[in-house]
Amino acid sequence: VYKLVEKVRSLGGNVSREPGAVKGGNSIIAFVKDPDGYAFELIQRGPTPEPLCQIMLRVGDLERSIKFYEKAVGLKVLRTIDRPEYKYTLAMLGFGPELESTVLELTYNYGVTEYSKGNAYAQVAIGTDDVYKSAEVVKLVTEELGGKITRQPGPIPGINTKITSFLDPDGWKTDRNSRCALFGGRFNMLCLHWNGRFLANFRQQYGKGYQFRLLIAYDESDIDIDSKR
């Protein structure tokens, strides 16, 4: 982590938390921000097949959120961490072992029941073999625990990917995505809205009617650029 932070700093990155041990634990972490202000947590750990460690969502009711993600998408609780001295509780959910796959970190801050969403967060994407069956499951879970389906299952116009989209009880958006399943992935994408200057040439070439999505991965075989109107 120390070396990576220095590399980020040398490239003009913003280091918002210097590397060091977490409060009440032994893990070495640091926080950096990209040019658009998105925060990334750097975690020091041994070799792993999945360097993208976790995606963190803040929730207002931890037990409700755990039940939602267990029932709606099949995530399992891997561990929980309660830090009453710092007034927060964490729950790590995943499809596999935490050190071998990307996990969802749900954070509950004592007494905070609601968070503003802004307009930068887009969605988490989770692979599925059948978006139609997945949507049926999600519909039942939202009726029980809250949330709602925001996009009925079906193909995206112009490409073969089929998706369905929904909000969890806290208003965080998730896609069930057939394209992720084709790559053998499950919980494998986080979409944010960037104002990246590197897209300017693509827009100039293909027209302002397109939105471009740049998919970035540690494995270069999974890197792709596609577009949609």
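Residues numbered from 1 in each chain as written. Predicted model: local features only at pLDDT ≥ 70, side-chain atom pairs only at ≥ 80, totals over all residues. Heavy atoms only, no water.

Q: Would you mind going over helix H2 (residues 62-73) with me for this structure?
A: Its 12 residues give H2 an end-to-end C-alpha distance of 16 Å, which sits within 8% of 16 Å, the value for a rise of 1.5 Å per residue. For H2, every residue scored as buried is listed here: Leu62, Ser65, Ile66, Phe68, Tyr69, Ala72 and Val73. Along the long axis of H2, the arc covered by the buried residues comes to 160°, so they all point the same way. A side-chain oxygen of the first residue of H2 lies 3.4 Å from the backbone nitrogen of Glu63; this N-cap is Asp61. Trailing H2 by a residue or two, Gly74 shows a phi angle of about 85°, which is positive. (Helix = DSSP H or I, 4+ residues; strand = E, 2+ residues; numbered from the N terminus. Expected span 1.5 Å × (residues − 1). Buried < 20%, exposed > 50% of the residue type's maximum accessible area, 1.4 Å probe, protein only. Arc of directions from axis to C-beta. Polar contact = N/O pair within 3.5 Å; in protein donor to acceptor, adjacent residues only side chain to side chain.)

Q: Got a minute to help me understand the sheet that holds strand E2 (residues 28-33) in this structure?
A: Here 3 strands make up an open sheet; going across it, the order is E1-E2-E3 and the pairing antiparallel. This sheet does not close on itself; its edge strands, each paired only once, are strand E1 (14-21) and strand E3 (39-43). For this sheet the average axis-to-axis angle between neighbouring strands, irrespective of direction, equals 15°. Bridge count between E1 and E2: 5 bridges; the pairing is antiparallel. What sits directly across from Arg17, in E2, is Phe31. Set on the sheet, helix H1 (residues 2-10) makes contact with E1, E2 and E3; between it and E1 the angle comes to about 170°. (Pairing = 2+ DSSP bridges. Axes fitted to C-alpha atoms, helices over the stretch in contact; angles between N-to-C directions. Contact = heavy atoms within 4.5 Å.)

Q: Explanation requested: the pattern of salt bridges in the structure shown.
A: Where charged atoms of side chains with opposite charge meet at close range, the side chains can pair. As enumerated under the stated definition, the model contains 6 salt bridges in all. Between Lys139 and Glu143 there is a salt bridge whose closest N-O contact spans 2.6 Å. Separated by 4 residues within a single helix, Lys139 and Glu143 lie in helix H3 (residues 131-145), roughly one turn from each other. Judged by relative accessible area, Lys139 falls into the partly exposed class, the value being 45%. The exposure class assigned to Glu143 is exposed, which follows from its relative accessible area of 55%. One connected set of salt bridges, linked through shared partners, spans Glu6, Arg9 and Glu18. (Salt bridge = Lys/Arg side-chain N within 4 Å of Asp/Glu carboxyl O.)

Q: Sorry, what's going on with the pairing of E3 here?
A: Each regular strand shows side chains that alternate between the opposite faces of the sheet. Pairing analysis gives 5 bridges linking E2 to E3, with the strands arranged antiparallel. Residue pairing in the sheet places Ala30 in a bridge with Leu42 of E3. Between E2 and E3, which follow one another and run antiparallel, lie 5 residues, and Gly37 among them has a positive phi close to 90°.

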